[in-house]
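One-letter residues, chain by chain:
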Amino acid sequence: MSAQIIDGKAIAQKVKQEVAEAVARRVAAGKSRPGLATVLVGDRVDSATYVRSKQKACEELGMVSFSHHLPADATQEQVEGLVRELNADRRVHGILVQLPLPPHLNEERILQAISIEKDVDGFHPVNIGRLAQKGREPLFIPCTPNGCLYLLEQSGVPIEGAHAVVLGRSNIVGMPAALLLIGKNATVTVCHSRTRDLPAIIRQADILIAAIGKAEFVRGDWVKPGAAVIDVGINSKPDPNAPKGYRLVGDVHFDEVKEVAGWITPVPGGVGPMTIAMLMKNTLRAAELQEP
Ligand code: GUN
């Protein structure tokens, strides 16, 4: 039996539509348009593409985007200075510093400089700390893990009591995804590059979140029949038949795993569009918190 394909593009479109309607209602009531400032440091092509898609989504939804691009050799003081200016700018409700930063910069200090009310990525230590604690609510939840949870919930996948395996322990996806799943009463195992006998652990998963950054890493015979498989990976794979000479694949071997899983997200068109939809939702929330 073939898995149900979770259409992340359609689900994200619906979320964005709801955000656009809420923005229009806000503006009609005489309030400000939500504003998102993006900060890109350096010339990574992938980061520049992600930032452009975020700015484009803002404009489509009636929000304002403020784009800041600093050179790869920008100093710690320059980046923190820009963040402080954006903290003080009333037109800016959300601040997004695109990661990864060039290695000479102290990422932790820069993320900590963002006002928690404007931390639409949810990466400020206070927001992450609240996510990690029982009975505490972060102001914002990181966008990609929140998108993964939203896809599971919209698809009717039972989370409470399920064994969820998170493959990868990054600050951006793996760790916050594990914390969110614990908050939804799943039993969570976090696996990483040093985990022994990974296939045996993955075979126990009712829910698998794959965020390890290795093309088509998870094979069909590693997956429990009927499991929900959420593929966060975006890897380019050489393909002489594709117009650009490569195609995008996830961390999961889609053709094999779709024959075993109960649900699966495609790449592209799965988690990717949800990250942006959740960022738009967080930016609207930031505006509502700052200017109810
Ligand atoms: N780099 C990869 N994903 C993200 C994200 O969600 N937010 C930021 N700021 N940087 C990223």
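Residues numbered from 1 in each chain as written. Predicted model: local features only at pLDDT ≥ 70, side-chain atom pairs only at ≥ 80, totals over all residues. Heavy atoms only, no water.

*Asks:* In this structure, what is going on with the overall build of the protein chain? I would like to understand it.
*Replies:* The number of helices and strands found in the protein chain is 10 helices and 11 strands. Computed over the C-alpha atoms, the radius of gyration of the protein chain is 19 Å, within 12% of the 19 Å expected from 2.2 N^0.38 for a compact globule of 292 residues. Taken along the three principal axes of its C-alpha coordinates, the protein chain extends 55 × 40 × 40 Å. Burial analysis of the protein chain (292 residues in total) assigns 52% to the buried set. Only carbon and sulfur atoms are counted for the fraction: they give 52% of the accessible area of the protein chain, which is about 13900 Å². Of the side chains in the protein chain, 33 bear a positive and 32 a negative charge, and the two mean positions are spaced by 2 Å. (Helix = DSSP H or I, 4+ residues; strand = E, 2+ residues; numbered from the N terminus. Rg over C-alpha atoms; globule rule 2.2 N^0.38 Å. Buried < 20%, exposed > 50% of the residue type's maximum accessible area, 1.4 Å probe, protein only. Areas by Shrake-Rupley, 256 points an atom, 1.4 Å probe, with all protein chains shown as cover. Lys, Arg positive; Asp, Glu negative; His and termini not counted. Charge placed at Lys NZ, Arg CZ, Asp CG, Glu CD.)

*Asks:* I tried to follow the site of the ligand on my own but got confused; where do I start?
*Replies:* All residues in the neighbourhood of the ligand are listed as Lys54, Leu96, Val97, Gln98, Leu99, Asp121, Phe123 and Ile172. Here a nitrogen atom of the ligand and a side-chain polar atom of Gln98 are 3.3 Å apart. Between the ligand and Asp121 there is a distance of 2.6 Å, counted from a nitrogen atom to a side-chain nitrogen or oxygen. For the ligand, whose accessible area on its own is 280 Å², the fraction buried by protein is 86%. Considering only residue class, the shell around the ligand consists of 5 nonpolar, 1 polar and 2 charged. (Near = heavy atom within 4 Å. Polar contact = N/O pair within 3.5 Å; in protein donor to acceptor, adjacent residues only side chain to side chain. Nonpolar A, V, L, I, M, F, W, Y, C, P; charged D, E, K, R; others polar.)

*Asks:* How do you make sense of helix H1 (residues 8-28) when you look at a structure like this?
*Replies:* Since the α-helix advances by 3.6 residues per turn, residues separated by three or four positions end up pointing in the same direction. Here H1 is 21 residues long and its end C-alpha atoms lie 30 Å apart, about the 30 Å a rise of 1.5 Å per residue gives. Within H1 the residues assigned to the buried category are Gly8, Ile11, Ala12, Val15, Lys16, Val19, Ala22, Val23 and Arg26. Around the axis of H1, the buried residues are gathered within 130° of arc, so they sit on the same side. Along H1, exposed side chains directed more than 90 degrees from the buried face belong to Lys9, Lys14, Arg25 and Ala28. Contact partners of the buried residues in H1: helix H2 (45-60), helix H6 (143-154) and helix H10 (271-290). Near the N-terminus of H1, the side chain that reaches the backbone nitrogen of Lys9, with its oxygen 3.2 Å away, is that of Asp7. Positive backbone phi, at 85°, marks Gly30, one or two positions downstream of H1. (Expected span 1.5 Å × (residues − 1). Arc of directions from axis to C-beta. Contact = heavy atoms within 4.5 Å.)

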